[in-house]
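Report on the structure
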Protein chains: 2
Amino acid sequence: MAGRPVTPGTPGGTGSSGGGGVAGIKDVAAEARVSVATVSRVLNGNPAVRPDTRDRVHRAITALGYRPNGVARSLRTDQTRTLGLVISDVLNPFFTALARAVEDEARAHGYSVVFGNADEQPALEDHHVRTLLERRVDGLLLSPTDDNASQVAEVARSGVPMVFVDRWIPGCPDVPVVRTDGRAAIAALVGHLHALGHRRLAVITGPSTTTTGNERLDAFLDALDAHGLPTPGHYRQEGDFRAESGRLATARFLDLPDPPDAVFATDNLMALGAMDEIRSRALRVPEDIALAAFDDIPWFLHTDPPLTAIAQPTEELGHSAVRALVSLIEGRPARSVTLTADLVPRRSCGE
Amino acid sequence: MAGRPVTPGTPGGTGSSGGGGVAGIKDVAAEARVSVATVSRVLNGNPAVRPDTRDRVHRAITALGYRPNGVARSLRTDQTRTLGLVISDVLNPFFTALARAVEDEARAHGYSVVFGNADEQPALEDHHVRTLLERRVDGLLLSPTDDNASQVAEVARSGVPMVFVDRWIPGCPDVPVVRTDGRAAIAALVGHLHALGHRRLAVITGPSTTTTGNERLDAFLDALDAHGLPTPGHYRQEGDFRAESGRLATARFLDLPDPPDAVFATDNLMALGAMDEIRSRALRVPEDIALAAFDDIPWFLHTDPPLTAIAQPTEELGHSAVRALVSLIEGRPARSVTLTADLVPRRSCGE
DNA sequence: ATCCTCCATGTAATCGTTTCCATGAACTCC
DNA sequence: GGAGTTCATGGAAACGATTACATGGAGGAT
């Protein structure tokens, strides 16, 4: 609120040094007996500085413990060397792994990453996009929570480069999409379930406002069709990609007069919820009901039983997304990238 | 590298608007036919603006899609409304949950959070601290990877408020510590194991350069002592808080002529590694060997068998840490906070 | 010896805000 | 009706860096 009081100061004086504040470029210049321009040149590796001058400046820098002010630098150069990443849910291990991959690749390119956790709430997502834009990030990585394009329009208007990762919003031809195509893996999963004798296959989808939610459902229905399996509406429940919704959906399935003999959760958190519910009813997986999930995580190896899952190349996803975004930032074009997912069969669907 | 070329521009002209760039406060002022000072007042909720003027400015803002430049604002006000959080490992669900709690509380106070993932590497941690300091975060939340205090000294010198969370560095009396005391819970765990008949208790510790590593080991040894149990050196292996080290340590234990009948992993990732190794040898938990972990996570309910764990109040930890840091930032004093952990017994140590 | 070139360095404008102070208009009060 | 108040607004100086342009000295060519 209050801000810092502005003291008039001595015009042409030592500048920022004054009393006991943090050393500024002027202090370094004074200490090294050169101009601020020269200090700046040394800072930026400009070769037009004599070696001895350069040394003198370096000594002054260490003597004063000077650290360049990134804010001032950003204002002048109009770049923050910062990327914004808005993800849907930090507690979801898939997004955590993605975030980590993004940070790694960004650091390799000399960028920091500011995260925003949308928690699957469009309003929070909006908040983060707005904040990141105000902070003038050089580029934005977005995994949209719903298909509301209002924020995206704003971003586009602001001219900030943007890339969609994992999920995207239809009708944004200028925004590259880096994602995984799960169709083939889902088809393989349905084949796997069919081969193991399961015929009543149910699915817990994500929100229909997300592309991943729709795509996974479509692929699942197509695959059922290909195997001549029925697709009754009550074998389909919409979740919100979080554990509780998976539990609820599973409860509805199990309350049915003819419960499914296999459940496919379209993300790992909903699979966790499904397991909660199945366990609370003292049912066994896969004998009583089979279970499979989209997104593989290390814990799935050790669940009871080990869970069959569809694994995305998460790391590659994050790296590609950053590469695309950096291209855009540096004025080069960027193309969309589509990777493929793999089925990892374990015991949860049967032997 | 190149930066933006600086064009001389018309002195006293329209300023930043010029061609097709992003609208600046000058453009808003021109559009609303007021001075930039008035626009700034409206932006900052200064009451000394006539309502009709305020409306005019608001209309201009929306008409131009103006978004204040946070970088310029930060330069002027000397605050970024940003907190830095350097955590040891994003892939560790404990830190993920912590990060989420931190972000929530920070947002409630009007701050954004910039994350740095140290990946348990001191060099990376240094990099992030340096970067965050250059970006002039208003405060720093640190969970130090080792006990090297060099970076901390730098931070202290830079005058940036700092709070340690979870782990800390001894000998920094001015830095508040927000952490969990696990001693009682560890004593309870040892009692639990003893009551179930286990006598050969082994521990996988964290690095001895971390306070949490030392504290958990000490508490464990003290508890063993209290029960009159031996503490042979080969029942102690130092890990690095990551899965692979837990696997390795467990392998060493199992290769012993007299392997332990219970293993306590001092974090969840090392417990995961331990399970990997136990499973690969076709041993059963808890019949062949009991297993318990520090840090509880949702998946532990569904592992085979459900894992006994020590749960930290993660959310409260994150919230308290942010509150302490915000206090410091606003010039108020901040006290250290110590919370307590609880034992959550499940099947992995016996019935 | 003179002029030209090149190189290292300094001077000052600039980025987009915030905020101190000055200004002038509209009131109030006697 | 004049003097003092209050109030809304504008002008201009910062914040700390980068960088175009000016400057002056050394060295080379003639």
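For every chain, the first residue of the written sequence is number 1, and numbering continues from 1 along that sequence. The lettering of chains begins at A and the numbering of ligands begins at 1, in the order of writing. Owing to the predicted nature of the model, reporting of local features is limited to residues with pLDDT of at least 70; listing and counting of side-chain atom pairs is limited to 80 or more, with chain, interface and lining totals taken over all residues. Note: side-chain values were computed over all heavy atoms of the structure, leaving out hydrogens and water.

A few words now on the side chain of Thr210 of chain A. Residue and element names in this part refer to chain A. Working definition: helices are DSSP H or I runs of at least four residues, strands are E runs of at least two. Numbering for both runs from the N terminus. Within the secondary structure layout, Thr210 lies in the loop between strand 6 (201-205) and helix 9 (211-226). The buried label goes to any residue with under 20% of its type's maximum accessible area, the exposed label to any with over 50%, and the partly exposed label to all in between, with areas taken from a 1.4 Å probe on protein chains only. Overall, Thr210 belongs to the buried group, its relative accessible area being 2%. Two N or O atoms count as a polar contact when they lie within 3.5 Å, although within protein this holds only if one can serve as hydrogen donor and the other as acceptor, and sequence-adjacent residues are included solely when both atoms are side-chain atoms. A distance of 3.1 Å separates a polar atom in the side chain of Thr210 from the backbone nitrogen of Gly213. Excluding anything up to four places from it in sequence, Thr210 contacts Pro144, Thr145, Arg167 and Phe241. Contacts between residues were defined by any pair of non-hydrogen atoms, one from each residue, lying within 4.5 Å.

In this section: the relation of the copies chain B and chain A. What relates the pair of chain copies is a rotation about an axis plus a shift along that axis. Least squares is the method used to superpose the copies, on C-alpha atoms of residues holding a pLDDT of at least 70 in both. Relative to chain A, chain B is turned by 180° and slid 0.0 Å along the rotation axis, the superposed coordinates differing by an RMSD of 0.1 Å. Taken together, these values place the two copies in the relation of a two-fold axis. Measuring from the rotation axis to each C-alpha of chain B, the shortest distance belongs to Thr303 of chain B, at 2.0 Å. Looking at chain B, 100% of its interface residues are interface residues in chain A too, so the copies touch through the same face.

Accessible area lost when the parts come together is the quantity often used to give the size of an interface. Residues and elements named next belong to chain A. An automatic or database domain assignment provides the domain bounds reported here. With domains assigned, chain A is organised as domain 1 (25-68), domain 2 (79-180 + 314-339) and domain 3 (181-313 + 343-349). Taken together, the contact between domain 2 and domain 3 spans 23 residues of the former and 18 residues of the latter. Defined in terms of a 1.4 Å probe, buried area is the accessible area two parts forfeit on being brought together, summed over both. Summed over both partners, the interface of domain 2 with domain 3 comes to about 1600 Å²; 49% of that surface belongs to carbon and sulfur atoms. When a carboxyl oxygen of Asp or Glu is within 4 Å of a side-chain nitrogen of Lys or Arg, the pair counts as a salt bridge. At the junction of domain 2 and domain 3, the tally comes to two salt bridges. Put simply, Arg179 and Glu215 hold a salt bridge, and the shortest N to O gap is 2.5 Å.

All names here are of chain B. Of all six residues in strand 2 (residues 112-117), six are buried; the element is thus mostly enclosed. Burial of the side chains of strand 2 extends over both faces: Ser112, Val114 and Gly116 are buried on one face and Val113, Phe115 and Asn117 on the other. DSSP-based pairing: two strands are paired if at least 2 bridges between them are found. Note: strand 1 (residues 82-87) against strand 2, six bridges, orientation parallel. For Gly84, the partnering residue across the bridge sits in strand 2 and is Val114. Assignment of crossover handedness uses the view with strands pointing away from the viewer, where a clockwise path from the first strand over the helix to the second indicates a right-handed crossover. Crossover strand 1 to strand 2 through helix 5 (residues 93-108) is right-handed.

A word on the interface of chain B and chain A. Chain B puts 62 residues into the contact, and the matching count from chain A is 62 residues. When chain B packs against chain A, close to 5500 Å² is buried across both sides, 54% of that on carbon and sulfur atoms. Here Arg100 of chain A and Asp119 of chain B are joined by a salt bridge, their closest N and O atoms 2.8 Å apart. Elements with a minimum of two residues in the side of chain B that touches chain A: helix 4 (70-77), helix 5, strand 2, helix 6 (122-134), helix 7 (150-158) and helix 11 (268-280) of chain B. Counted by class, the side of chain B that touches chain A contains 25 nonpolar, 18 polar and 19 charged residues. By the convention adopted, Pro, Cys, Tyr, Trp, Phe, Met, Ile, Leu, Val and Ala count as nonpolar, Lys, Arg, Asp and Glu as charged, and the other residues, Gly among them, as polar.

This part takes up the nonpolar core. Formed by 52 residues in total, the largest nonpolar core has its most connected members in Ile204, Leu291 and Trp299 of chain A together with Ile204, Leu291 and Trp299 of chain B. Non-local contacts of Leu291 of chain B, meaning those with residues more than four positions away in its chain, are made with Val263, Ala271, Ala274, Met275, Ile278, Val285, Leu307, Thr308, Ser348 and Cys349 of chain B. Think of a nonpolar core as a cluster: buried Ala, Val, Leu, Ile, Met, Phe, Trp, Tyr and Cys residues, connected wherever their side-chain atoms sit within 4.5 Å. Formed by 48 residues, the second largest nonpolar core is a distinct cluster that contains Val178 and Ala321 of chain A together with Ala321 and Ala324 of chain B.

Here the focus is the pattern of salt bridges. Taken as a whole, this structure holds 44 salt bridges over all chains when the rule is applied. Note that Glu105 of chain A and Arg323 of chain A form a salt bridge whose closest N and O atoms lie 3.5 Å from each other. Note that Glu105 of chain A is positioned in helix 5 (residues 93-108) and Arg323 of chain A in helix 12 (residues 314-329), a separation of 218 residues in sequence. Between Glu120 of chain B and Arg167 of chain B there is a salt bridge, with the nearest N and O atoms lying 3.1 Å from each other.

So, on to the sheet that holds strand 7 (residues 236-238) of chain B. Residue and element names in this part refer to chain B. Strand order in the open sheet formed by six strands is 7-6-8-9-10-12, and the pairing between neighbours is mixed. Only two strands of the sheet have a single neighbouring strand rather than two, namely strand 7 and strand 12 (342-344). Geometrically, the sheet is characterised by an average inter-axis angle of 15° between neighbouring strands, direction not taken into account. With three bridges joining them, strand 6 (residues 201-205) and strand 7 adopt parallel strand pairing. If you follow Thr205 over to strand 7, its bridge partner there is Glu238. Only C-alpha atoms enter the line fits that serve as axes; for helices the fit covers just the stretch in contact. Angles between N-to-C directions range over 0 to 180 degrees. Across the sheet, helix 9 (residues 211-226) lies against strand 6, strand 7, strand 8 (262-265) and strand 9 (290-294), angled at about 170° from strand 6, the strand it touches most. The strands that helix 11 touches are strand 6, strand 8 and strand 9; relative to strand 9, the one it contacts most, it runs at about 160°.

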